[in-house]
Amino acid sequence: MQTAIGEIQTLFVDVLLPVPIPKYFRYRVPSDMVEMVQKGVRVMVEFGRRRILTGIIVESSEFPPSSYQAKYLLDILEETPSVNDKQLKFWKWMADYYLCHEGDVLQAALPSGLKLNSQSRIQVNPDFDEEDLADLSDKAVRLFRAVRHQQSIPYEQSADILEVKSPYPYIKEMIQAEAIIIYEEVKEKYKPKKVSKVRLNPTLLENASGLEEVFTSLAKKPKQEDILLKYLGLVPVYNDPNVNDAGVDKKKLLEEGKEMSPSSLKTLVKNGILEEFSEVVSRFDDAHFQLYQNMGHDFELSEAQQNAYSQILESFKTKDATVLHGVTGSGKTEIYIKLIQDVIEGGGQALFLLPEIALSTQMVVRLMKVFGDQLGVYHSRYSDNERVEVWRGVNEGRFSVIVGVRSSIFLPFEDLSLIIVDEEHETSYKQHEPAPRYHARDMALVLGRMHQAKVILGSATPSVESYYLAQKGQFGLVSLTERFGNATLPEIIIADLKKERKQKKLKGDFSSRLVDEVRSAIDKEEQVILFQNRRGYSPFVMCEECSWTPTCPSCAVSLTYHIYKNDLRCHYCGYREATPKTCVSCGSTKIKTVGTGTQKIEEEIQNFVPAARVQRMDQDTTRKKYGYQQIIEDFEQGHIDILVGTQMVSKGLDFDNVTLVGICNMDQMMFFPDFRAMERAFQMAVQVSGRAGRKSKEGKVVIQTYNADHPLLKKIIKQYYEGFFRVELKERHQYSYPPFTRLIKVTVKSEDQLLGEKAALQLAKGLTRRLGIKRVLGPQAPTINKIRNKYLQEVMLKFERQNFDLLKAKGILKEEIFIIETEPFFKKVQIVIDVDPL
DNA sequence: AGCACGCCGACT
DNA sequence: GTCGGCGTGCTC
């Protein structure tokens, strides 16, 4: 970017702000900041009357805007850009592709620690003559006194003081009377981590006798002497006076080994013998982390792994992306590590994407051992400060490898050579709310292209989309069919619920087969995982007399019964109410639970195997910050015998002692009303089975179903991905679903049901007229047609994958939506676009 | 998206 | 009369 040349006095910059408005904002650069103007640098600006935001400079110009008066930048926040050109280009591309605003992307991309947080505060105007208070309203006087008393107060507090909902009118009155001043307090949210350190006062080292004199003076002060001696032990200044500068950790000096007296240390500092100072340290540089440094660098690839590795390198020669299809337990991780090591040796950067859940497990520890402090971990469970440090670390080139969740695609990579998307089929790579509704796997491919990096899509059960492209030759394809070591694939048993029901062998939600297997595993002191893809106790309750069922007041769903708080909850909006004792409709007291969730499975299995220690793992038990971690740890250490859980239990848990996995209700997955149901069911079953029998012990998987002869089950038994894929692809082709088409889902939301329907209908009509009838489906109300008091209508667009101008179609979509949005009659409807919905 | 402004109903 | 509701429009 050009900076001021010669006599250019005024410079303007276009700033990208994290707001959903499709434009840049042009600000004027104060003359003393002109030198600091650079593309990608964060700036602080006033936006509107009161808001202060962080933005990114995307362009500079010597021309003032013609139609408005540009405001001055308030500040330029850094000398080196936080955001690089590749990111800006990538973000722009994403906004275009997902039909959202660049500001939405920025909002998602920047960790909030890099966004400023401004808070309005009120203080009294020192020039105000208090005699003029007589002219103000009673409330204004009250506020004035309160503010004067406390120096300054946060803006929001004024409402409490005045005991009104909207304080603005009074504040406005007072500003006009010049009684108060409003100012914005901006705090940089990122706080570097500091440690307190101690060192000798350097003047004592200037001459040889300095220290001796000190010891003489401390002859009768043993506690202080002890501290000094310990210091000299830790920091050998006699050998090399220069080591004194770095000093020693205060905590270490006081607490490690023999404990020292903090007050004596204080005295030493007071007397100028020691000095205290603080140092900024990395959050990732603590002892815990160092433990892993440079450990376990070497491992050998098995022959199969070596083979796959070579094939990947071969495929990289001609393809940008390669699907690595490796059965569960085949040891894909070692191959990834090898590939990353290659990249590091070549001086490049690597990004390793994992689904959120897999990231909180052993994988990270594993990678830490290999890559030590070259590895940055970008996790949503980490604090914001930590995320800022990773961002900066990538920016400064301190990390050559990043493991992270989907949002790590936004990090300031300069030169990526490799991107790995592990568990590529995972649906959690897609962000649903809010915009940008992006798919991290797809964006990894785009990012890879921009960096000319190679991309690996790894999975035991690749998504139909990816595998299709691999088969077509657009991606490379490498398969690993052997399980690592001697591990064999688990034996898969179909428990036929229909048959057992006839034979009256069913026990609640359990087949006798599954119960027997669980008992036998527990007898052998082995561990069990039970999978039930629904949380709560039962998805609804019902009056036995009249069939009345409590539903959510804001959503079109029944309320789920939760046993331990004995309440009913809506899983869509969080609404809760006590479980009614009598039927609201007929007054009967016979209210029964219907259907099964994790809590009920937990209860039932506990009854069947009373001695077993059962733990449930779902959103309800893992919400607490370390809930998930804690359960995993307990399970790993054998404090839990049976783990009952949702999706969560299917991912990345590798425990040698788990020999049995039960899928409680396979039908629920297979017959879910969605064209991806079979794919999900297959993936789910294979992934869950992968948890059984890892090393020497043989594993078993029991799948309970009322449709024991369903063809999908046969494929699952043989872990026959190819077979599943062929059948599925045929179906997709027949009904023109992805990967043969691209979908865009447009959802129209409105509190007024009829208005929403009208808007959706008009939108669909406009689209049909311009895109053709076969590309527009709906409008149609989704199965759950009301969430949070908003009625929903969906219009689905279906586009050919080939010989179709997608860009043009998206343009048309934007235009048609614009028409609805600007139509005053539809003012109250809201339109959400989801490109490539899942 | 936020946030101010402005015009209407329901209360001390 | 005042308070607060919400509809409307703008943000460099």
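Below, the structure is looked at part by part. Being a predicted model, the structure only gives us computed values, none of them experimental. The residue numbers shown here count from 1 along each chain, following its written sequence. Here every chain gets a letter starting at A, and every ligand a number starting at 1, in the order they are written. Reporting in this predicted model follows two pLDDT cut-offs: at least 70 for local features of residues, and 80 or more for side-chain atom pairs to be given and counted; totals over whole chains, interfaces and linings ignore these cut-offs and use all residues. Side-chain metrics in this entry use all non-hydrogen atoms of the structure; hydrogen atoms and water are not considered.

**Overview of a negative patch on the surface**
Alright, step 1. A contiguous patch of negative charge on the surface is contributed by D129, E131, D132 and D135.
Alright, step 2. Mapped onto the elements of the fold, E131 is located in the loop between β6 (117–124) and α3 (138–149). Residues enter patches when they are more than 30% accessible in relative terms and free of salt bridges; like-charged ones are connected within 9 Å and nonpolar ones (Val, Leu, Ile, Met, Phe, Trp, Tyr) within 5 Å. Each accessible area is a Shrake-Rupley result for a 1.4 Å probe, and residues are judged covered by the shown protein chains and nothing else. Definition used for salt bridges: Asp or Glu carboxyl oxygen within 4 Å of a side-chain nitrogen of Lys or Arg. For the purpose of charge, His is not counted, nor are the chain termini; Lys and Arg are scored as positive and Asp and Glu as negative. Note on charges: their place is set at NZ of Lys, CZ of Arg, CG of Asp or CD of Glu. Numbered from the N terminus, helices here are DSSP runs of H or I no shorter than four residues, and strands are runs of E no shorter than two.

**Re the protein's contact with DNA strand C**
Alright, step 1. Close to DNA strand C lie 17 residues, the nearest being K23, R26, Y68, K71 and Y170.
Alright, step 2. The share of sugar and phosphate among atoms of DNA strand C within 4 Å of the protein is 64%.
Alright, step 3. Here a phosphate oxygen of DNA strand C and a backbone polar atom of E46 are 3.3 Å apart.
Alright, step 4. Of all the elements in the fold, those that place two or more residues in the surface near DNA strand C are β2 (25–29) and β3 (42–47).
Alright, step 5. It is β2 that provides the largest number of residues to the surface near DNA strand C, a total of three residues.
Alright, step 6. Put simply, Ala, Val, Leu, Ile, Met, Phe, Trp, Tyr, Cys and Pro go in the nonpolar bin, Asp, Glu, Lys and Arg in the charged bin, and everything else, Gly too, in the polar bin. When the residues that make up the surface near DNA strand C are grouped by side-chain class, the tally is eight nonpolar, three polar and six charged. In this text, near means that some heavy atom of the residue lies within 4 Å of the molecule or strand in question. Under the rule applied, a polar contact is a pair of N or O atoms within 3.5 Å (in protein, one hydrogen donor and one hydrogen acceptor; residues adjacent in sequence only if both atoms are side-chain atoms).

**Re the side chain of T621**
Alright, step 1. Residue placement: T621 occurs in helix α21 (residues 619–622).
Alright, step 2. In terms of polar contacts, T621 uses its side chain to reach the backbone carbonyl oxygen of R616, at 3.0 Å.
Alright, step 3. Residue contacts are counted whenever heavy atoms from the two residues lie within 4.5 Å of one another. Beyond its immediate stretch of four places on either side in the chain, T621 contacts Q615, R616, G627 and I631.

**Focus on the sheet that holds strand β7 (residues 152–154)**
Hydrogen bonds between backbone atoms are what pair the strands of a sheet, whose relative direction is either parallel or antiparallel.
Alright, step 1. A pair of strands is treated as paired once DSSP finds two or more bridges between them. With respect to topology, three strands assemble into an open sheet ordered β7-β6-β8, the strand pairing being antiparallel. At either end of the open sheet lies a strand with only one pairing partner, and these are β7 and β8 (180–187). Each strand of the sheet is rotated relative to its neighbour by a mean of 35°, with strand direction disregarded.
Alright, step 2. Both β6 and β8 contribute to a ladder of eight bridges, which runs antiparallel. Pairing of S120 across the sheet is with E184, part of β8.
Alright, step 3. All axes are obtained by fitting lines to C-alpha atoms, using only the stretch in contact for helices, and the reported angles, taken between N-to-C directions, cover 0 to 180 degrees. Sheet contacts for α3: β6, β7 and β8; angle to β6, the most-contacted strand, approximately 105°.

**Points about the packing of aromatic side chains**
Alright, step 1. Whether two aromatic rings pair depends on their centres lying within 6.5 Å, for rings of Phe, Tyr and Trp, where Trp uses its six-membered ring; planes under 30 degrees apart make the pair stacked, over 60 edge-to-face, and the rest tilted. Per the counting criterion, the structure on display carries 20 aromatic pairs.
Alright, step 2. Look at F510 and F608: their rings are 5.5 Å apart centre to centre, the planes differ by 80°, and that puts the pair in the edge-to-face class. With a gap of 98 residues between them, F510 in the loop between α18 (497–502) and α19 (512–523) and F608 in helix α20 (residues 598–608) connect regions that are remote in the sequence. In this pair, the class of F510 matches that of F608, namely buried.
Alright, step 3. Ring plane angle 5° and centroid distance 4.3 Å describe the contact between F682 and F724, whose orientation is recorded as stacked. With a gap of 42 residues between them, F682 in helix α24 (residues 677–689) and F724 in helix α26 (residues 721–734) connect regions that are remote in the sequence. Residues F682 and F724 agree in their burial class; the two are buried.
Alright, step 4. An aromatic cluster of three or more residues is present, and its members are Y467, F682, Y721, F724 and F725.
Alright, step 5. Think of it as a cone above the ring: NZ of Lys or CZ of Arg counts as a charge over the ring if it is within 6 Å of the ring centre and within 35 degrees of the ring normal. Over the aromatic face of Y155 sits the side chain of R50, whose NZ or CZ is 3.7 Å from the ring centroid.
Alright, step 6. Sitting above the plane of the F399 ring, R398 keeps its charged end 5.7 Å from the centroid. The buried label applies to any residue whose accessible area, calculated with a 1.4 Å probe on protein chains only, is under 20% of its type's maximum; exposed applies above 50%, and partly exposed to all values in between.

**A word on the sheet that holds strand β10 (residues 248–249)**
Alright, step 1. An order of β10-β9-β11 is seen for the three strands of this open sheet, with the pairing classed as antiparallel. The outermost strands of the open sheet, each flanked by one partner alone, are β10 and β11 (274–281).
Alright, step 2. For strand β9 (residues 193–200) and β10, the ladder comprises two bridges, and the chain directions are antiparallel. Residue pairing in the sheet places V198 in a bridge with V248 of β10.
Alright, step 3. With respect to the sheet, helix α7 (residues 222–234) is in contact with β9, β10 and β11, its orientation differing from that of β9 by roughly 105°.

**Regarding the protein's contact with DNA strand B**
Alright, step 1. In the neighbourhood of DNA strand B, the contacting residues comprise P20, I21, R50, R51, Y168 and K172.
Alright, step 2. What you see for DNA strand B is that sugar and phosphate hold 69% of its atoms within 4 Å of the protein.
Alright, step 3. Contact distances for DNA strand B include 3.0 Å between a phosphate oxygen and a side-chain N or O atom of R50.

**Remarks on the environment of V13**
Alright, step 1. Secondary-structure assignment places V13 in strand β1 (residues 11–16).
Alright, step 2. We classify V13 as buried; its relative accessible area is 0%.
Alright, step 3. Distance from V13 to L497, taken between C-alpha atoms, is 68 Å for residues 484 residues apart in sequence.
Alright, step 4. Setting aside its immediate chain neighbours within four residues, V13 contacts F25, R26, Y27, V29, V37, I57, E59, S60 and L73.

**Examining the side chain of R42**
Alright, step 1. Among the secondary structure elements, R42 is positioned in strand β3.
Alright, step 2. Residue R42 is classed as buried on the basis of its relative accessible area of 1%.
Alright, step 3. Within the structure, R42 has its side chain in polar contact with the backbone oxygen of L114 (distance 2.6 Å).

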